[in-house]
Amino acid sequence: RQETPMSSEEKFVFESLQDCVSIRAFLEALTEGVGSKHLVLSSGGERIELYPQGLLQVEVKARRKGGSSKVSLKLEWKDAPRVETTDRTLSVSSN
């Protein structure tokens, strides 16, 4: 196993206008990803994989102003070093 260096920053941004049914499906998929500790976000050739673990910081903000309402959800956690397996194997023998 070999540790992969963490890159300085990876970003994924997605914004669109969707109905409540689509938003519900997105939130359910997000919930499943957090539960399985593996989130994959992709759109238009962009992709990011995240691995939520341990204690997550959660921030929820809501506001209503004039004729507009807004809810923001933020999840944050510390990443553990990523470990990848390699094709190399170790052989030990005694003659």
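Quick note: structure is the one above.
Residues numbered from 1 in each chain as written. Predicted model: local features only at pLDDT ≥ 70, side-chain atom pairs only at ≥ 80, totals over all residues. Heavy atoms only, no water.

S.K.: Could you clarify how one ought to interpret the overall build of the chain in this entry?
M.R.: The helix and strand tally for the chain stands at 1 helix and 6 strands. Each helix and strand of the chain, placed in order from N terminus to C terminus, yields the pattern β-α-β-β-β-β-β. Within the chain, buried positions represent 6% of all 95 residues. Here the chain displays about 9100 Å² of accessible surface, and carbon together with sulfur accounts for 50% of that area. (Helix = DSSP H or I, 4+ residues; strand = E, 2+ residues; numbered from the N terminus. Buried < 20%, exposed > 50% of the residue type's maximum accessible area, 1.4 Å probe, protein only. Areas by Shrake-Rupley, 256 points an atom, 1.4 Å probe, with all protein chains shown as cover.)

S.K.: How should the pattern of salt bridges be read in this particular structure?
M.R.: Pairing between side chains of opposite charge can happen when their charged atoms approach one another. Across all of its chains, the model carries 4 salt bridges by this definition. In this structure, R47 and E49 form a salt bridge, with 2.9 Å as the shortest nitrogen-oxygen distance. Classification of R47 as exposed rests on a relative accessible area of 54%. In this structure, the salt-bridge partner of K61 is E59, at a minimum N-O distance of 3.7 Å. Residue classification places K61 among the exposed residues on the basis of a relative accessible area of 52%. (Salt bridge = Lys/Arg side-chain N within 4 Å of Asp/Glu carboxyl O.)

S.K.: When you look at a nonpolar patch on the surface in this model, what are you seeing that I'm missing?
M.R.: Nonpolar side chains collect at one region of the surface, where I23, F26, L27, L56, V58, V60, V71, L73 and L75 lie side by side and expose about 780 Å² of accessible area between them. Looking at the nonpolar patch, the elements with two or more residues in it are helix 1 (20–36), strand 4 (57–65) and strand 5 (68–76). With respect to the helices, strands and loops of the structure, L75 is situated in strand 5. Under the relative-accessibility criterion, L75 is labelled partly exposed at 31%. (Patch = residues over 30% accessible without salt bridge, like charges linked within 9 Å, V, L, I, M, F, W, Y side chains within 5 Å.)

S.K.: For this particular structure, what's the right way to read the pairing of strand 3 (residues 46–50)?
M.R.: Looking at chain direction, strand 2 (residues 39–43) and strand 3 are connected through 5 bridges and run antiparallel. Bridging across to strand 3, L41 finds its partner in I48. Hairpin remark: strand 2 followed by strand 3, antiparallel, with 2 residues in the connecting loop; positive phi at G44, about 55 degrees. (Pairing = 2+ DSSP bridges.)

S.K.: Would you take a moment to explain helix 1 for this structure?
M.R.: Three or four residues apart is the spacing at which side chains of an α-helix point the same way, because the helix has 3.6 residues per turn. Taking 1.5 Å of rise per residue, 17 residues should cover 24 Å, and helix 1 covers 24 Å from first to last C-alpha, within 8% of that figure. Two residues or fewer after helix 1 comes K37, characterised by a positive phi angle close to 65 degrees. (Expected span 1.5 Å × (residues − 1).)

S.K.: Please clarify how the environment of Q53 should be interpreted in this entry.
M.R.: Inspection of the secondary structure assignment puts Q53 in the loop between strand 3 and strand 4. Considered as a pair, Q53 and E76 are 23 residues apart in the sequence and their alpha carbons are 9.8 Å apart. Setting aside residues up to four positions removed in sequence, Q53 forms contacts with W77, K78, D79 and A80. A distance of 3.3 Å separates a polar atom in the side chain of Q53 from the backbone oxygen of K78. (Contact = heavy atoms within 4.5 Å. Polar contact = N/O pair within 3.5 Å; in protein donor to acceptor, adjacent residues only side chain to side chain.)

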